[in-house]
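# Structural overview for review
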Amino acid sequence: MNNNNSLDYKALFLGPNSENSNAFSEILNSLFQDHVYWRKNFHPEDPDVITSNVKNNENFKYTLEKMKSVFDDMSKRLRENATPWHSPRYLGHMNSETLVPGLLGYFGAMLYNLNNVAYESSEPTSVMEKEVGEDFCKLMEYPKGWGHICADGSIANYEAIWYARNLKSLPFAIEEVEPELVKGKSKWELLNMPIEDIINILELSNNKMDILKSHSARSLATEIQDLGVWLVPETKHYSWLKAADILGIGTHNLIPIKLDNHYRMNLTELKNTIDSYISKGTPILGLVAVVGTTEEGAVDYVDKILELKNQYAKNGINFYFHIDAAYGGYARSIFLDENYNFIDKNDLKNKFAENNIFYNKDLNWPSEDIYNAFKAMKYADSITIDPHKMGYIPYSAGGIVIKDKRMRDSISYFASYVFEKGVKVPALLGAFIMEGSKSGAAAASVWAAHRVLPLNVTGYGKLIGASIEGAYNLYDYISNKKYFTVNDKKVYVEPLTIPDFNMVDFVLNVEGNKDLNSLNKLNEDLYNLSSIFSPDIYSNGFVTSHTDFSMADYSDSPLDILQRLNVPKEEWDKVKNLTLLRACVLSPFLNDPEVFKEYIPKVESNIIRKLSLLVK
Ligand SMILES: *Cc1c(COP(=O)(O)O)cnc(C)c1O
């Protein structure tokens, strides 16, 4: 290899037709053989326990046969009914091809069965997890941060509320235990202390940390629901409801903020909501911005939200700020140069060209809004980022990063004397996270992928770019198509918005139809013929997913697309629901114009074939 080499991610996927199966099985086999010898080499002098005598016995043979038949059955079930996400014909849910280093990292480490709950039971994979946490910190530009892998993004979100809740309750614990540290502060001031000040005080009172923690929200010394409301955009993932429930915030204190036409949190609505709570004397416990919403891929105005937050801080109003980037977090890699510096806006096009990010050198992404949002992420208190989403890692691998490592003191179950004795930390990851026993293999999987593909424009950035360009290819196709001709009728197709990221939602409507129920039925029916539940998945030439926007969740945001589909507002007021088709373009191959040209006519003819069954 010479220094001019750059990464080609096409070497890193098994491929739609298993094109890379030889490389895959070669590494798979060598990882397995290494493990075999690892066992033998522990004490080569020890005799075999499973001897040839044992292997010759009838029950032994019977048992092997039985196991094989179970695997035949399992393999059949998997092949018959699994989601065929490996094909570029799959334009559906967030399932996709996963990275070979992720798969083999998992497999290789799984054989050693290490438990990352504690260093002692997982030396190699615990160190890998620590390094993955450092990768996340580089990605988010968190020089003093800390991160770890958890089972999923939902748990990462619970952990964010756990931090916010405990930190925001600490001023009251301090008032009880060390009153001189917050002398003269009113209740409102205690409820509105900046997170950084709270962490500083916690550090100051190191020898009393355990007592302080026992007076925090953890022990109910503070009324959790007095800490205030938790603001989320209407596009929120439903894990926030569960989080508010489990952590005692109360789902009634989870306040959805309305959206703008891009399905991003509406800043005026946000400001009005904050003002109205403050005027009632209700504090804001925390605020969530979403980078890559689950149903639309929308990216909230992180920079402008921070500006607003800073304005409030000037007036003594402070709250926790979390970014739910479970889906979009890895996309920050596209903005970082090889030294993990955020690329200047004016250099971005050149950097993209240098690293072959897009086939189409004129691709109009990112917009100013998207660029600014990603840039500002580094100011959040914490960020959820899922390797099993845009990290192309097999399940289960979610993750969270916090801006300041000291925040951990607010949630840990590690007696502080352990730190003083200089014990190697984290000797017990389980003390700092929601979970207990956890997969070392998942950490190895993420670690291996990050080692092959660094989290910047030379690595993951290429993969993210491929996905975005694929989505734009689809978006452009749909926008230019305008309608399909089916049984002499025009069936219009309308995209929801121009994608902020890599998701294309769209809606079909028969020419002249103004009835929202029948519009919804058409989209629902097409989905049923194009989903993994459709009668014969093998003959299904195009597979997609769908979603529903209800008035309860989305207020009047769908009016914009309904207007473009010529459906009157009265219909929306009556039906209060819109059914959409949803394509997460995770395939790393649909960016290639040749591949897109090959597949899109197949997708189109399948849509028309299915529509012809529905539109008579
Ligand atoms: C997927 C997702 C989650 C939840 O992640 P899981 O890993 O499915 O638990 C949270 N937030 C957003 C925005 C997501 O897209």
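Since the model is a prediction, treat every value here as computed from it, not as a measurement.

## Looking at the domain arrangement of the chain
- Examined at the domain level, the chain breaks down into domain 1 (153-325) and domain 2 (464-614).
- With centres defined by C-alpha atoms, the gap from domain 1 to domain 2 works out at 37 Å.
- In this assembly, 16 residues from domain 1 lie in contact with 15 residues from domain 2.
- In this assembly, domain 1 and domain 2 are joined by 2 salt bridges.
- Among the ionic pairs, Arg264 bridges to Asp500, the shortest N-O distance being 2.8 Å.
- For the interface between domain 1 and domain 2, the tally reads 8 residue pairs in polar contact (both at pLDDT 80 or more).
- Residue classes in the side of domain 1 that touches domain 2 are distributed as 4 nonpolar, 6 polar and 6 charged.

## Focus on the sheet that holds strand E1 (residues 90-91)
- Strand order in this open sheet of 6 strands is E1-E12-E13-E11-E10-E9, and the pairing throughout is mixed. Each edge of the open sheet is held by one strand with a lone partner, namely E1 and strand E9 (483-486).
- Bridging between strand E10 (residues 489-495) and strand E11 (residues 503-510) involves 5 bridges; their strand directions are antiparallel. When the bridges of E11 are listed, Tyr492 appears paired with Asn509.
- Where helix H22 (residues 593-614) meets the sheet, its contacts fall on E1, E9, E10 and E11, and the angle it forms with E9 comes to roughly 50°.

## A short note on the sheet that holds strand E5 (residues 284-290)
- One open sheet holds the 7 strands; their spatial order is E2-E8-E7-E6-E5-E3-E4, and the pairing between them is mixed. Only two strands of the sheet have a single neighbouring strand rather than two, namely strand E2 (146-150) and strand E4 (254-257). Each neighbouring strand pair of the sheet contributes to a mean axis angle of 20°, computed without reference to strand direction.
- Examined bridge by bridge, strand E3 (residues 229-233) and E5 share 3 bridges and lie parallel to one another. Pairing of Leu231 across the sheet is with Leu287, part of E5.

## As for the UniProt feature "domain: L-tyrosine decarboxylase C-terminal" (unreviewed entry) in the chain
- UniProt marks residues 470-611 with the feature "domain: L-tyrosine decarboxylase C-terminal" (unreviewed entry), using the numbering shown here.
- For residues 470-611, the helix share is 44%, the strand share is 25%, and the end-to-end C-alpha distance is 24 Å.

## Points about the packing of aromatic side chains
- One pass over the structure, following the stated rule, counts 20 aromatic pairs.
- With 5.5 Å between their ring centres and 70° between their planes, Tyr327 and Phe501 make a pair best called edge-to-face. With Tyr327 in the loop between strand E6 (320-324) and helix H13 (348-354) and Phe501 in the loop between E10 and E11, this residue pair connects regions lying 174 residues apart in the sequence. Both residues of the pair, Tyr327 and Phe501, count as buried.
- Members of the aromatic cluster, each reached through a chain of ring pairs, are Phe335, Phe342, Trp365, Tyr371 and Phe374.
- Over the ring of Tyr277 we find Lys280, and its NZ or CZ is 4.4 Å from the ring centre.
- The lysine or arginine in question, Lys309, covers the ring of Phe319, its NZ or CZ lying 5.5 Å from the ring centre.

## Description of the side chain of Glu97
- With respect to the element layout, Glu97 can be found in the loop between E1 and helix H4 (100-110).
- Here Glu97 sits buried without a salt bridge, and the closest side chain of opposite charge, Lys10, lies 11 Å off (N-O distance).
- Polar side-chain contacts of Glu97 include one of 3.1 Å to the backbone nitrogen of Gly15.
- Glu97 has contacts with Phe13, Leu14, Gly15, Pro16, Trp85, Tyr392 and Phe589, leaving out every residue within four places of it along the chain.

Rules behind the numbers
- Residues numbered from 1 in each chain as written.
- Predicted model: local features only at pLDDT ≥ 70, side-chain atom pairs only at ≥ 80, totals over all residues.
- Heavy atoms only, no water.
- Domains from an automatic or database assignment.
- Contact = heavy atoms within 4.5 Å.
- Salt bridge = Lys/Arg side-chain N within 4 Å of Asp/Glu carboxyl O.
- Polar contact = N/O pair within 3.5 Å; in protein donor to acceptor, adjacent residues only side chain to side chain.
- Nonpolar A, V, L, I, M, F, W, Y, C, P; charged D, E, K, R; others polar.
- Pairing = 2+ DSSP bridges.
- Helix = DSSP H or I, 4+ residues; strand = E, 2+ residues; numbered from the N terminus.
- Axes fitted to C-alpha atoms, helices over the stretch in contact; angles between N-to-C directions.
- UniProt positions renumbered as here; feature names shortened; annotations may be inferred.
- Phe/Tyr/Trp six-rings, centres within 6.5 Å; stacked < 30°, edge-to-face > 60°.
- Buried < 20%, exposed > 50% of the residue type's maximum accessible area, 1.4 Å probe, protein only.
- Lys NZ or Arg CZ within 6 Å of the ring centre and 35° of its normal.
- Lys, Arg positive; Asp, Glu negative; His and termini not counted.

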